[in-house]
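One letter stands for each residue in the lines below.
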Amino acid sequence: MKWLKFRIKTLVEAEDIVISSLYDLGLEGAQIEDKVPLTALEKEQMFVDILPENEEDDGIAYLNFFVEELDRKDEILTMIKEELDELRDFNIDIGEGTITVEETEDIDWINNWKEFFHQFMIDDVLVIPSWEDIKPSTDYKYILHIDPGTAFGTGAHETTQLCIRQLKKYVNSETNLLDVGTGSGILAILSLMFGAKHAVGTDLDPCAVEAVKDNMEQNSIDPSSFEMMIGNIITEKEVQDKVGYECYDIVVANILADVLVPLTPVIVNQMKKGGVYITSGIIEGKELIVKEAMEKAGLEVLEITSQGEWKSVTARKN
């Protein structure tokens with residue numbers, strides 16, 4: 001199936017009013033492309049492996065609308081032009097307001113990326129998607145079956161691998177683990193494979209619940225050994241209470257330095273005495289601010305490890 005893609009070049013300041021005007025024409029679900037920097041709140045809420053790198057904001061925005069009715073191309077194009085002209089008549093600056101139209105294939109966004117994700121090794125861990133067979137020559141001790149979907153990582157990123165290596169050092173059969181920013185559940189699931197007794201994961205995105213459930217099933221993880229919670233553990237007392245206090249031997253957080261700083265003084269309350277705090281998602285040059293936050297919270301920094309341009313900082317609660 002093919003779609004018509006109408007692409008409008010406008011200004012960031014005019015995004016909302018252009019979208020609102022075209023909504024009245026039946027054009028919904030605008031895809032917005034701009035270079036507006038993330039706000040402090042947006043950064044705080046992004047429990048992800050890496051922060052997107054934005055170019056300098058130039059004030060330009062592109063709005064993309066997708067329409068199924070190919071035979072209405074000229075009609076819809078005329079309506080868009082008339083609507084933009086009307087905005088100009090009201091002295092609203094919409095920038096260039098140029099429109100391009102193209103036909104695009106109906107893309108299966110859920111499955112299209114599969115051609116780019118193949119099995120790979122993290123030391124003695126084989127990470128493999130469900131649509132591939134294990135290669136006979138693969139030398140592995142653990143097998144992680146992972147289908148992350150479009151929302152979460154695959155384990156291929158350096159920050160995730162740094163966490164995995166630290167977890168292998170510290171996980172034992174008595175470990176109760178808390179994974180902040182769980183995503184697809186890779187770190188918690190592997191910790192259980194490494195021998196951890198129980199894991200709790202928190203994430204801001206409700207989609208993580210289904211992703212974790214699917215990946216637990218693929219890896220034959222006992223549902224009673226891994227509990228998911230949705231919410232912001234930094235700011236929501238209810239989430240902190242539900243997660244529990246002084247009950248975790250290991251807390252792992254593969255997020256961002258700017259999130260780890262406010263997270264650290266909160267998360268020490270969830271850790272047992274002697275508990276280990278493993279962090280990653282730290283771009284080179286920011287490891288010192290994470291180290292300082294840990295020390296300020298009363299933690300002893302044990303080591304800083306590196307892979308590529310990324311850092312992991314591990315500390316202990318004495």
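What counts and how
Residues numbered from 1 in each chain as written. Predicted model: local features only at pLDDT ≥ 70, side-chain atom pairs only at ≥ 80, totals over all residues. Heavy atoms only, no water. Phe/Tyr/Trp six-rings, centres within 6.5 Å; stacked < 30°, edge-to-face > 60°. Helix = DSSP H or I, 4+ residues; strand = E, 2+ residues; numbered from the N terminus. Buried < 20%, exposed > 50% of the residue type's maximum accessible area, 1.4 Å probe, protein only. Salt bridge = Lys/Arg side-chain N within 4 Å of Asp/Glu carboxyl O. Axes fitted to C-alpha atoms, helices over the stretch in contact; angles between N-to-C directions. Parallel < 35°, antiparallel > 145°, perpendicular 65-115°, else oblique. Left-handed = near helix turned anticlockwise from the far one by under 90°. Contact = heavy atoms within 4.5 Å. Core = buried A, V, L, I, M, F, W, Y, C linked by side-chain atoms within 4.5 Å. Pairing = 2+ DSSP bridges.

**Student:** Is there a simple way to explain the packing of aromatic side chains in this structure?
**Tutor:** Two measures describe an aromatic ring pair: the distance that separates the ring centres and the angle between the ring planes. Applying the stated criterion across every chain, the model contains one aromatic pair. Seen from their ring centres, Tyr142 and Phe194 are 4.9 Å apart, and the 70° between their planes marks the pair as edge-to-face. Of this pair, Tyr142 sits in strand β7 (residues 142-145) while Phe194 sits in the loop between α5 (186-193) and β9 (198-203), and the two are 52 residues apart along the sequence. For Tyr142, a relative accessible area of 16% translates into the label buried.

**Student:** Where do I start with the pattern of salt bridges in this structure?
**Tutor:** For side chains bearing opposite charge, pairing can occur when the charged atoms are close. Using the criterion set out here, one finds 15 salt bridges in the structure. Between Lys9 and Glu96 there is a salt bridge; the shortest N-O distance is 3.1 Å. Separated by 87 residues along the polypeptide, Lys9 in strand β1 (residues 2-11) and Glu96 in the loop between α3 (73-89) and β4 (98-105) bring together distant segments of the chain. Overall, Glu96 belongs to the partly exposed group, its relative accessible area being 47%. Glu300 is paired through a salt bridge with Arg316; the nearest N and O atoms lie 3.2 Å apart. Here Arg316 lies in strand β14 (residues 310-317) and Glu300 lies in strand β13 (residues 299-307), a separation of 16 residues in the sequence.

**Student:** Just to check I follow, could you spell out the packing of helix α4 (residues 158-170) against α5 for this structure?
**Tutor:** The axes of two packed helices give the description: the angle between them and the distance between them. Between α4 and α5, the shortest axis-to-axis distance is 10 Å and the interhelical angle comes to 25°. One way to sum up the angle between α4 and α5 is to call them roughly parallel. As α4 runs across α5, the sense of the crossing is right-handed. Only Ile186, Leu187, Leu190 and Ser191 of α5 make contact with α4, whose side of the interface consists of Thr160, Cys163, Ile164 and Leu167.

**Student:** Just to check I follow, could you spell out the nonpolar core for this structure?
**Tutor:** Among soluble globular proteins, nonpolar side chains are generally buried collectively. Counting 32 residues, the largest nonpolar core has Val125, Val127, Leu144, Leu167, Phe194 and Phe226 as its most contacted members. Element by element, the count of residues in this core is highest for α5, at six residues. Counting residues in hydrophobic clusters, the runner-up holds 27 residues, among them Val180, Ile255, Ala257 and Ile267.

**Student:** Where do I start with the sheet that holds β14 in this structure?
**Tutor:** Consider a sheet: its strands pair through backbone hydrogen bonds, and that pairing is either parallel or antiparallel. Here we have seven strands laid out as an open sheet, ordered β10-β9-β8-β11-β12-β14-β13, and mixed in their pairing. Each edge of the open sheet carries a strand with a single partner, namely β10 (226-230) and β13. Neighbour-to-neighbour, the strand axes of the sheet open up by a mean angle of 15°, direction not taken into account. Relative to β14, β13 runs antiparallel, the two sharing eight bridges. Opposite Leu299, over in β14, you have Lys317 as the bridge partner. Sitting on the sheet, α5 is in contact with β8 (176-180), β9, β10 and β11 (248-254), with an inclination near 165° to β8. On top of the sheet, helix α9 (residues 287-296) reaches β12 (271-283), β13 and β14; it is set at about 160° to β13, its chief contact.

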